[in-house]
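Spelled out from the first residue to the last, the chains are:
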Amino acid sequence: MASHHRDRRSVDLLIVGGSFAGLVAARTAAMRGLSVMVIEAKREVGARVATTGILVKEAAEEIDVPHRLTRRINGVRLYGPSLHHIDLFAPGYFFLTTDTANLLRWLASEAERAGARILTGVRFTGAARAVAGEDFEIAGMPDGLPRRARYILGADGARSAVAKAFGLGRNTAFLTGIEAEYENLAGIDPRFLHCFLDSRIAPGYLGWVAPGPAVTQVGLAVTGGAPARLDRFLARTAGLFGYGNARLVERRAGRIPAGGLVRPWASPGVMLIGDAAGMVSPATGGGIRLAFHFGKRAGHAIADHLQALGPSPDIALAPSLPAFNVKRAMRALLDVPLPNVALDAALRTAPMRWLATRVYFHRRGAGGLTFAEFDARLRAIGDRGTETPRGGDAVDRPT
């Protein structure tokens, strides 16, 4: 329920950006009784989606999302440049590919149901306050909308306008991603996320083919200033998947923060979360789990701060922030790509399988099972991993 002590020209919390992090924070803060307004520059939160939207198991455990918007994937098929592959899995672990646009719409509806107000087609142009501790005056708000806020949360992506307006840290290191969506891509084994190592086509990162609930997402990301050539990746993998027999639905491109947490990420009355704060793994590009986790934590901390004289939200969150030390080191190594002949040779070794399993499954392993045995056991208990989940109303992608 929204707070009633504020006048209609002011809100407790202004969230800039209808992102995963922003929408989760909006719902949480509204549930805690704050008056919350989200402004999003896009015409609607599900428009121009800039993420593949794959949820790792830990993200799915942070926020329960509708089953109808997800597809469960139990394994990873990792290919070398020669297209030789290994199959990786860990019993009990899974990924959820998502209908990402509709997942964002669902999160927005949940935030509104909690009492948050979401305004699309509204761009953040700045805010200031004359005296510390007073409300911020929000610049450029259309007539009839609140023009003051007690706290501002920037969840507006890798090129954050909130960070720029308040002199906060900004992302400077990126991966460049490009992706296409296909309907009726029949040549894919839907039990796997298909990931491709190739230092010529995807230097510093990888390519992917991810079967989703409605479409298959095909993309790659590259490091630094290297060109992201999706056409080369499609040509290289066409024999495996037969893109020519599927319908191209959409193409998109964007940037993934790869430098770790920005500094500073907060100032009095203002905080960044999600991609805006660099809360994205520099090694893997994964950020949705962190968006869910810190979106929820930010909503709690801001409510405690405004309602109960709790500490500044950034101080409350600081002890749990990811340092990314290991993953920044991994990013430095990945930015110097191995020759393809070395990648192919490495993929055939036990140390490479061990390393890849740790990266994808977070220290879990197969426990002596082959994938065929694992898949057979899943089928025996009725977990049909090759089918698209449907029903059950109530999970990284170029960014």
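Residues numbered from 1 in each chain as written. Predicted model: local features only at pLDDT ≥ 70, side-chain atom pairs only at ≥ 80, totals over all residues. Heavy atoms only, no water.

(A) Expanded view of the packing of aromatic side chains. If you walk through the whole model with that rule in mind, you get 13 aromatic pairs. Both rings, one in Phe-89 and one in Phe-374, keep their centres 4.9 Å apart while their planes meet at 15°; by these two values the pair is stacked. Taken together, the residues Phe-89 in strand S6 (residues 85–89) and Phe-374 in helix H11 (residues 371–380) connect sequence positions 285 residues apart. The exposure classification of Phe-89 matches that of Phe-374, with both residues buried. Joined through ring pairs, the aromatic side chains of Tyr-79, Tyr-182, Phe-196, Phe-233, Phe-241 and Tyr-243 make up one cluster. Sitting above the plane of the Phe-192 ring, Arg-77 keeps its charged end 4.2 Å from the centroid. (Phe/Tyr/Trp six-rings, centres within 6.5 Å; stacked < 30°, edge-to-face > 60°. Helix = DSSP H or I, 4+ residues; strand = E, 2+ residues; numbered from the N terminus. Buried < 20%, exposed > 50% of the residue type's maximum accessible area, 1.4 Å probe, protein only. Lys NZ or Arg CZ within 6 Å of the ring centre and 35° of its normal.)

(B) Structural view of the side chain of Ser-199. With respect to the helices and strands, Ser-199 occurs in the loop between strand S13 (192–196) and strand S14 (207–211). Other than its neighbours up to four places away in sequence, Ser-199 contacts Pro-337, Leu-338, Pro-339, Asn-340 and Leu-343. (Contact = heavy atoms within 4.5 Å.)

(C) Expanded view of the sheet that holds S6. In spatial order, the strands read S6-S5-S13-S14-S15-S12-S16; together these seven strands make up an open sheet with mixed pairing. The open sheet has two free edges, formed respectively by S6 and strand S16 (247–257), since each of these has just one partner strand. Averaged over all adjacent pairs, the angle separating strand axes in this sheet is 20°, with direction ignored. Pairing analysis gives eight bridges linking strand S12 (residues 174–183) to strand S15 (residues 216–223), with the strands arranged antiparallel. Residue pairing across strands places Glu-179 opposite Gly-219, the latter belonging to S15. Along the sheet, helix H10 (residues 350–361) makes contact with strand S5 (75–79), S6 and S13, crossing S6 at roughly 45°. (Pairing = 2+ DSSP bridges. Axes fitted to C-alpha atoms, helices over the stretch in contact; angles between N-to-C directions.)

(D) Examining H10 more closely. Relative to the 16 Å expected for 12 residues at 1.5 Å per residue, H10 spans 16 Å between its end C-alpha atoms, a close match to the ideal helical length. Of the positions making up H10, those classed as buried are Met-352, Ala-356, Thr-357, Tyr-360 and Phe-361. An end-on view of H10 places all buried positions within 135° of arc, on one side of the element. Turned more than 90 degrees away from the buried face of H10 sit Pro-351 and Trp-354, all of them exposed. Tucked into the core, H10 has its buried residues touching S5, S6, strand S7 (95–98), S13 and helix H9 (340–347). Backbone geometry just downstream of H10 places His-362 in the positive-phi region, at approximately 55°. (Expected span 1.5 Å × (residues − 1). Arc of directions from axis to C-beta.)

(E) Structural view of empty space enclosed by the protein. Considering only enclosed or pocket space, the largest cavity measures out at about 50 Å³ in volume. Lining of the largest cavity is provided by Gly-80, Pro-81, Leu-83, Phe-196, Leu-197, Asp-198, Ile-201, Phe-233, Arg-236 and Thr-237. Of the residues contributing to the lining of the largest cavity, the split by class is six nonpolar, two polar and two charged. (1 Å grid on protein atoms, 1.4 Å probe; cavity = no way out; pocket = protein on both sides within 12 Å on 5 of 7 lines; lining within 4 Å. Points joined across faces, edges and corners; volume = space filled by probe spheres on them. Nonpolar A, V, L, I, M, F, W, Y, C, P; charged D, E, K, R; others polar.)

(F) Spatial organisation of the pairing of S13. The buried fraction of S13 amounts to five of the five residues, a majority that puts the element mostly inside the structure. Here S5 pairs with S13 via five bridges, running parallel. Paired with Gly-75 across the bridge in S13 is Phe-192.

(G) Here's a closer look at a positive patch on the surface. Positive charge collects at one region of the surface, where Arg-159, Lys-164, Arg-170 and Arg-255 lie side by side. Considering the arrangement of structural elements, one finds Lys-164 in helix H4 (residues 161–165). Overall, Lys-164 belongs to the exposed group, its relative accessible area being 59%. (Patch = residues over 30% accessible without salt bridge, like charges linked within 9 Å, V, L, I, M, F, W, Y side chains within 5 Å. Areas by Shrake-Rupley, 256 points an atom, 1.4 Å probe, with all protein chains shown as cover. Salt bridge = Lys/Arg side-chain N within 4 Å of Asp/Glu carboxyl O. Lys, Arg positive; Asp, Glu negative; His and termini not counted. Charge placed at Lys NZ, Arg CZ, Asp CG, Glu CD.)

(H) Highlighting the pattern of salt bridges. All chains considered together, the criterion is met by 19 salt bridges. The closest approach of N and O atoms between Arg-147 and Asp-143, which form a salt bridge, is 2.6 Å. By relative accessible area, which is 36% here, Arg-147 ends up partly exposed. What makes Asp-143 exposed here is its relative accessible area of 70%. A cluster of three or more residues bridged by salt bridges with shared partners is formed by Glu-179, Glu-181, Glu-250 and Arg-252.

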